[in-house]
There are 6 protein chains.
Amino acid sequence: MLEKNTRPFIGCEAGYKEASAVIFGAGFDSTCSYRPGARFGPSTIRNESFGIETYSPYLDKDLSDIKVFDALDPELPMGSTEKALKIIGKYAKKVFDDGKMPIMLGGEHLVSLAAIKEAYSKYPDLRIVHFDAHIDFRDEYLGVKLSHSAVMRRAYELLGEGKIYQFGIRSGDRSEFEAAKGKTFTYLFDLKGVEKLKEMIGNAPVYFTVDLDVLDSSVFPGTGTPEAGGVSFNELLVATKEVRKLNVIGADVVELAPMLDQSGVSTATACKYLRELLLTIVK
Amino acid sequence: MLEKNTRPFIGCEAGYKEASAVIFGAGFDSTCSYRPGARFGPSTIRNESFGIETYSPYLDKDLSDIKVFDALDPELPMGSTEKALKIIGKYAKKVFDDGKMPIMLGGEHLVSLAAIKEAYSKYPDLRIVHFDAHIDFRDEYLGVKLSHSAVMRRAYELLGEGKIYQFGIRSGDRSEFEAAKGKTFTYLFDLKGVEKLKEMIGNAPVYFTVDLDVLDSSVFPGTGTPEAGGVSFNELLVATKEVRKLNVIGADVVELAPMLDQSGVSTATACKYLRELLLTIVK
Amino acid sequence: MLEKNTRPFIGCEAGYKEASAVIFGAGFDSTCSYRPGARFGPSTIRNESFGIETYSPYLDKDLSDIKVFDALDPELPMGSTEKALKIIGKYAKKVFDDGKMPIMLGGEHLVSLAAIKEAYSKYPDLRIVHFDAHIDFRDEYLGVKLSHSAVMRRAYELLGEGKIYQFGIRSGDRSEFEAAKGKTFTYLFDLKGVEKLKEMIGNAPVYFTVDLDVLDSSVFPGTGTPEAGGVSFNELLVATKEVRKLNVIGADVVELAPMLDQSGVSTATACKYLRELLLTIVK
Amino acid sequence: MLEKNTRPFIGCEAGYKEASAVIFGAGFDSTCSYRPGARFGPSTIRNESFGIETYSPYLDKDLSDIKVFDALDPELPMGSTEKALKIIGKYAKKVFDDGKMPIMLGGEHLVSLAAIKEAYSKYPDLRIVHFDAHIDFRDEYLGVKLSHSAVMRRAYELLGEGKIYQFGIRSGDRSEFEAAKGKTFTYLFDLKGVEKLKEMIGNAPVYFTVDLDVLDSSVFPGTGTPEAGGVSFNELLVATKEVRKLNVIGADVVELAPMLDQSGVSTATACKYLRELLLTIVK
Amino acid sequence: MLEKNTRPFIGCEAGYKEASAVIFGAGFDSTCSYRPGARFGPSTIRNESFGIETYSPYLDKDLSDIKVFDALDPELPMGSTEKALKIIGKYAKKVFDDGKMPIMLGGEHLVSLAAIKEAYSKYPDLRIVHFDAHIDFRDEYLGVKLSHSAVMRRAYELLGEGKIYQFGIRSGDRSEFEAAKGKTFTYLFDLKGVEKLKEMIGNAPVYFTVDLDVLDSSVFPGTGTPEAGGVSFNELLVATKEVRKLNVIGADVVELAPMLDQSGVSTATACKYLRELLLTIVK
Amino acid sequence: MLEKNTRPFIGCEAGYKEASAVIFGAGFDSTCSYRPGARFGPSTIRNESFGIETYSPYLDKDLSDIKVFDALDPELPMGSTEKALKIIGKYAKKVFDDGKMPIMLGGEHLVSLAAIKEAYSKYPDLRIVHFDAHIDFRDEYLGVKLSHSAVMRRAYELLGEGKIYQFGIRSGDRSEFEAAKGKTFTYLFDLKGVEKLKEMIGNAPVYFTVDLDVLDSSVFPGTGTPEAGGVSFNELLVATKEVRKLNVIGADVVELAPMLDQSGVSTATACKYLRELLLTIVK
């Protein structure tokens, strides 16, 4: 009765070996240029997950139907971006190497880069499906190349042209939009166009990265740079179901900043979305 | 100038005798399994009601056109569920016995059970129209039968099959959905279908219970278990107008949790909805 | 490197002389009947503006394409309404006199009256386009004529019949709606009808006043009297583009109350709207 | 059971006629130069008072031992300082005229002026005992004479030299300190010196005004201009007992600003202090 | 690297068998009469504990010097007081039976009763040392015997006269103080007198229960019923060192309510106190 | 009237040339291991400074009596510690080179290192007087040398033994305390001992660094790692006056984290302390 003391994300109680997917946190946020706090995203999602159910009436499916292990979070050296990405990369690599699907919880969006690098080294034909309010295509910021607003630029440099599909984009520097032209597929404002992805991508391996600020700022206020004019939760769910048709080999959900979520409503939304994502893409 | 010291919900200044409807609070929240605080719902709604107007441009009607008495709130013994329900039941019974319509303010959803019991004992053919994000059809929770997530199960046991009409439902255990099948009419996700109620129910007496978390969590963050993917305020208003066609004999509005409503926006929304509800169903 | 110490709204770094538009704050809120704090609107919008970009993907235009000077905020004597309005009026007058467009940041809605008076004295055929949740057409409140809920009544008395076009209105006393009949054009609930303005107004000079509570309370919780049932951010953007077709000679954006915006999401929305408004109406 | 709907400050349930003291609110805050919100002080103190007990172990006395009527709060026209003070003055006058002691709840400190005027017109030899962090001795602010930072200057002009005794003062303009010299007794930083009051004042009538920001800002954060370096709650209690030795004919407690009191701890402290004050000075 | 997923209170990483003390949570709060939320105390203390160090400069001792197991928290049926206490009691009993010291984290104060019962059944000569702002000696509340304000009355009925030593008491009904007279040792207002305990109690077994609201409300705002006029953190530390001289066989720390602790300062204080308590009383 | 748009810290309106001291912000916080947000310290202190007065009754001195220029804040690349420190260092160097005293506003404590380096290169006999709750003497954290908890270790490596005087220290790893022994003068828990500094240091140049968490967490909750058991505001003022006797050549005030300061009370305290510090040490 008293001897065990683990507390994973609700319904993710499989052992590591039997699991087909592995949740882990990448609670890093040092490069945020505006409001920090995404470092607390993973632990808060986990701690508050007992406020939701394991069952989805949207999918008529329960987390007990799949096998997910929650590895909790590595400690990360704040302020030391390269070291932090290295540690995150190791986690992602191990999960890939063990033939499982990583589901990473951010942290700021830059953490995706560490997982994408590992995914790319295993799947050289990798594509990225990217839901976000921000185009994240800066070249640098005050001379710094590794920044949350540069993550897709860095990913593009790795993967090459025509491999990144962006949806919901409604913010960024003019130079970012200009730079992305011809290099990525960028769909502005909403998630329309997701239904064409299967035709465009076919069975190529896909890393699916969801910056939760793609949601309207009314739906998801608890994030560093909330953006009005975004999609509803139901639109996000519908688009996520489209992504299920692709060959998703890894995913992440980033940019919940609990210190900015006084009512807890963004955390509850992140928990619910993580449940739906797991039930949608984990086999 | 100084001798009177009452402060009711705005525009509800009728005396008890002349009133056709009676507001009272049921500020109980001991069985919430997640975030408590709904106990402060009734007093906060009343205190903040002077921030809204008595007039509805939606209905072109004013609270001064109807007669409502606000009875404030009985003191309730927290942690002692049966005693609390008994006290609430007494209030509801007196209002029914005096030929008036009770409009109860929660509190957690379990408080509806006390009013429903009294309604049922007066109107044996009672129906329940239930707006909620949660199906509330647990059999028990850790061995406890009286819980806010079991309220519709208990109501079903009282009224029998086919008497409960649920709308907006988007959360619950798998076992709850399975148990409700064939016993209740359960409409998922939104309020569509409300317009068929008149045909289904005719003139049978109806108790109308509104868990405010049926609203999208962006619209109503200040509640214990907010649920993304819900309806808009305007959708709720339109559906409420449909309910007016039924023979409503009592109603409640539950689950505002002011401690989780730092911006006050959920309280303002609850106040506005209560005004619209009163203007819609009180004759 | 160290000698200059200005911090204007992002991208509004023109000198006064070269600027075609001038931002200034009117941080007054003494007549609010409910929750105060709009006095901090201008400074908070300015301080938090560095959280957004200067580029609009909606308009494919950047603040560096136009010339705006940010004059910061005059100190205003709280509690002394007439003196405060006089100071605000002086600011507006100087901007008009110098042939520039004032873009005033409230503060409560009454501050618009000071700018409208100056606009009217320069443009006797002035029209007002008014986006708001509230009709703001009280005659007086406890004997007081100058109040944020009376601002359009006072403006009507100045301009005469048929000069004020109101949109999004969903709240007010019955007496206000009755009084406005035949005197203003009042469109209830949403912004539909804006597209007819060009036909109705032609090239007459227009003062455009935006009370941000026209937005749904989920989109804009940080305001004194949030009102459920309002428009979305995208609907506001679309309607603002319609206003561009008119001959706008001045504008304001009022009623952000930062003390009620714990998550910062309303401030971010106000900043983004101000950017879009500037890019839309400043030539 | 249902017919009565009053909710006064806890334990203040006497009828008006039998009461020897009368609580009423003066929820005005329009002249605050910094953070507003004190308008909600009276209603919040009343609403939250049921979180404390009626019994004081400090005095071994219970509110049931005295007779106090709670008259709730007059509606006040925000932004119209003179009208608001007039209404407050009428309340105070009636209480004085009926031979009872007014205990007024602010509101900003300027509201004291209305009560002091009435006290002075009844008791021409009036003294003021003033606990505050701020000296409140401005001549004017932006040309305005009626301001919360000028209240003691205005009182001095009424009563004359040597009638005001200030304690705990630790903030103000240099000009205020210079102006007060020789006109008031001003004790800096703490409440030491209160024990000499009896000797100085004897049996002259005393109006006792307590600005709660005399407390250290750690003890009382929920106020418009919190000031570090103040007194502890126990020091305030001890000093208040000294005041009991004087001939107190009226009192007020001002400057709780509930919007700035997210934890509720300042409100709880204000409630407790009001209980202690009532038990100390009401006969 | 990935296979383990526990997260105990910082520094409490011993296995159950080797541990001499066992932390577990009793996150129950259904009987709170005022503001609930203490249910989240245990999980929040654990989650936020990584914000403090394992080393105490006060004691020059580190948590790595002792062996503590953190058993996390049993699920408890809210609203069902007797069942919840039974589950808590089972936890306490097992720890006692295994010859270890339980350190329980509340939750509301009533949870202490479950542990005290088990302690008493093992140690019939049990004494209670009780730090609290509230005397907690009600007989009943609205007919309910099991309530957080009755916990010491119930404990007295179990243990008999002269076994309970209360410190810091400054709040309660008059009837509670009268009832406690002659039955308990009740020290008002502060922790003076603790140094006499060794002489009074000698080597008798002691259960040490700390309601954190014994701290001044400035030091510990995040609790259901904060009380001004309490002790400082350093005074609490000094008194706790005195308790170390006694034969402490179990302890608890109760009444942190994280929902009321927006700044996180009460949680940080609770974590630090728990570290100091462990280093003080665990051998 | 409109052409100038600067808004410095209150009363710091001198031009750069005439100023004897220069305020600038170092809003960097990327290496915080726990709660971030100190990046907003400088701008928030400046924006809220108009809530205090320019006059100090403690010192009977006004900011108009001295000449201070407020240079606002350089933009800093978050996540790139070395680059950020380099930019900060350039600011400090210019101020030193121009013969003025820098008063830097943090940001996290690591920013002090940049200023200390410049001070040391100008004044090789430099001493550091350090007020803090934390000893900040880590060697590294997860392999990272530049961290806010290592700042004094790095400073020691620069300056050598016996040059750092620490006060108020009450938190840190055991290894930090052990490492500091014999290398620094470390006074635990409070600021006693400051009065011996003049004798110990004489006229050697002193850099004075104040981590505001030296204050008790009740006095200063708005900081990343608040620590109970600290000093009062008055104790800090008294100790600061002692420091005036030394030859202070530069100073900083760090670790205000406005996102954690919902009531604004820590910001108000930081503003007041900055005023007192300026009036104390600027000639």
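Residues numbered from 1 in each chain as written. Chains lettered and ligands numbered in written order. Predicted model: local features only at pLDDT ≥ 70, side-chain atom pairs only at ≥ 80, totals over all residues. Heavy atoms only, no water.

Draft legend 1. The arrangement of the pattern of salt bridges in detail. All names here are of chain F. What the rule picks out here adds up to 110 salt bridges over all chains. Across the pair Glu 157 and Arg 154 runs a salt bridge whose closest N-O atoms are separated by 3.0 Å. Here the residue Glu 157 and the residue Arg 154 both occupy positions in helix 4 (residues 151-159), the gap between them amounting to three residues, near one helical turn. Look at Glu 157 and you get partly exposed, because its relative accessible area is 45%. Residue classification places Arg 154 among the buried residues on the basis of a relative accessible area of 9%. (Salt bridge = Lys/Arg side-chain N within 4 Å of Asp/Glu carboxyl O. Helix = DSSP H or I, 4+ residues; strand = E, 2+ residues; numbered from the N terminus. Buried < 20%, exposed > 50% of the residue type's maximum accessible area, 1.4 Å probe, protein only.)

Draft legend 2. How the structure looks around the interface of chain C and chain D. Contacts between the two partners involve 25 residues from chain C and, on the opposite side, 25 residues from chain D. The junction of chain C with chain D conceals about 1900 Å² of combined surface from both sides, 60% of it contributed by carbon and sulfur atoms. Per-residue buried area on chain C facing chain D is highest for Pro 36, Leu 142 and Met 259 of chain C; these three make up 26% of the total on that side. Summed over the shared surface of chain C and chain D, the number is zero salt bridges. Along the contact surface separating chain C from chain D lie 13 residue pairs in polar contact (both at pLDDT 80 or more). In the side of chain C that touches chain D, the residues fall into twelve nonpolar, eight polar and five charged. (Contact = heavy atoms within 4.5 Å. Buried area = accessible area lost by both parts, 1.4 Å probe. Polar contact = N/O pair within 3.5 Å; in protein donor to acceptor, adjacent residues only side chain to side chain. Nonpolar A, V, L, I, M, F, W, Y, C, P; charged D, E, K, R; others polar.)

Draft legend 3. Examining the relation of the copies chain B and chain E more closely. Mapping chain B onto chain E leaves a residual RMSD of 0.0 Å; the transformation is a rotation of 180° accompanied by 0.0 Å of translation along its axis. The transformation relating the two chain copies, once decomposed into turn and shift, fits a two-fold axis. The share of interface residues of chain B whose copies in chain E are also at the interface is 100%, consistent with both copies meeting through the same surface. (Least-squares fit on C-alpha atoms with pLDDT ≥ 70 in both.)

Draft legend 4. Just the relation of the copies chain C and chain D, in detail. After a rotation of 180° and a shift along the axis of 0.0 Å, chain C superposes on chain D with an RMSD of 0.0 Å. In this assembly, 100% of the residues forming the interface of chain C have copies in chain D that are likewise at the interface, indicating an isologous arrangement.

Draft legend 5. Quick peek at the packing of aromatic side chains. Overall, the coordinates contain 72 aromatic pairs over all chains when judged by the stated rule. Plain terms: the ring middles of Tyr 34 of chain C and Phe 40 of chain D are 6.1 Å apart, the flat faces sit at 80° to each other, and that makes the pair edge-to-face. Taken together, the residues Tyr 34 of chain C in the loop between strand 1 (21-26) and helix 1 (41-48) and Phe 40 of chain D in the loop between strand 1 (21-26) and helix 1 (41-48) connect one chain to another. We classify Tyr 34 of chain C as buried; its relative accessible area is 8%. Through a chain of ring-to-ring contacts, three or more aromatic side chains come together here, namely Phe 131, Phe 167, Tyr 187 and Phe 208 of chain A. (Phe/Tyr/Trp six-rings, centres within 6.5 Å; stacked < 30°, edge-to-face > 60°.)

Draft legend 6. Fine view of the pairing of strand 7 (residues 164-169) of chain A. Residue and element names in this part refer to chain A. A large share of strand 7 lies buried, amounting to six of its six residues. Across four bridges, the pairing between strand 6 (residues 127-131) and strand 7 is parallel. Bridged to His 130 within strand 7 is Gln 166. The parallel pair strand 6 and strand 7, bridged by helix 4 (residues 151-159), forms a crossover whose chirality is right-handed. (Pairing = 2+ DSSP bridges. Right-handed = clockwise from strand over helix to strand, strands pointing away.)

Draft legend 7. Main features of the environment of Phe 189 of chain D. Relative to the helices and strands, Phe 189 of chain D resides in the loop between strand 8 (185-188) and helix 6 (197-201). As a C-alpha pair, Phe 189 of chain D and Ser 20 of chain D span 169 residues in sequence and 34 Å in three-dimensional space.

Draft legend 8. A look at the interface of chain B and chain E. Contacts between chain B and chain E engage 25 residues on the former and 25 residues on the latter. Across the chain B to chain E interface the summed buried area is about 2000 Å²; carbon plus sulfur atoms make up 60%. Among the residues chain B hides against chain E, the three largest losses belong to Pro 36, Leu 142 and Met 259 of chain B. Together they make up 26% of the total. Linking chain B to chain E there are zero salt bridges. On inspection of chain B and its partner chain E, the count reaches 13 residue pairs in polar contact (both at pLDDT 80 or more). Split by residue class, the side of chain B that touches chain E holds twelve nonpolar, eight polar and five charged.

Draft legend 9. Structural view of helix 1 of chain C. Among the eight residues of helix 1 of chain C, seven are classified as buried, and the element is accordingly described as predominantly covered. Those residues of helix 1 of chain C lying buried are Gly 41, Pro 42, Ser 43, Thr 44, Ile 45, Arg 46 and Asn 47 of chain C. Buried residues along helix 1 of chain C sit against strand 1, strand 4 (68-70), strand 5 (101-106) and helix 8 (265-281) of chain C together with helix 1 (41-48) of chain F.

Draft legend 10. Looking closely at the side chain of Asp 29 of chain C. On the secondary structure map, Asp 29 of chain C appears in the loop between strand 1 and helix 1. A polar atom in the side chain of Asp 29 of chain C sits 3.2 Å from the backbone nitrogen of Ala 38 of chain C. Setting aside anything within four residues of it in sequence, one finds Asp 29 of chain C in contact with Pro 36, Gly 37, Ala 38, Arg 39, Met 78 and Glu 108 of chain C together with Pro 36 of chain D.

Draft legend 11. Inspection of unusual backbone geometry at higher detail. Residue Gly 107 of chain B is bonded to the preceding Gly 106 of chain B through a cis peptide linkage, with omega at 10°. Within the secondary structure, Gly 107 of chain B is located in the loop between strand 5 (101-106) and helix 3 (111-122). For Asp 60 of chain A, which is not glycine, the phi dihedral falls at a positive 45°. On the secondary structure map, Asp 60 of chain A appears in the loop between strand 2 (55-56) and strand 3 (61-62). Residue Asp 136 of chain F is not a glycine yet carries a positive backbone phi of 55°. Mapped onto the secondary structure, Asp 136 of chain F falls in the loop between strand 6 (127-131) and helix 4.

Draft legend 12. The confidence of the model for chain A, seen in detail. On average, chain A scores 94 in pLDDT, and the residues at 70 or more come to 98%. Here the predicted complex carries an ipTM of 0.92, next to a pTM of 0.95. (pLDDT = per-residue confidence, 0-100.)

Draft legend 13. Quick look at the state of the cysteines. Residues and elements named next belong to chain B. All told, the structure shown has zero disulfides over all chains when counted by the stated rule. Cysteine Cys 12 remains unbridged, with the sulfur of Cys 271 as its closest cysteine sulfur at 11 Å. You can call Cys 12 buried: its relative accessible area is 1%. (Disulfide = S-S within 2.5 Å.)

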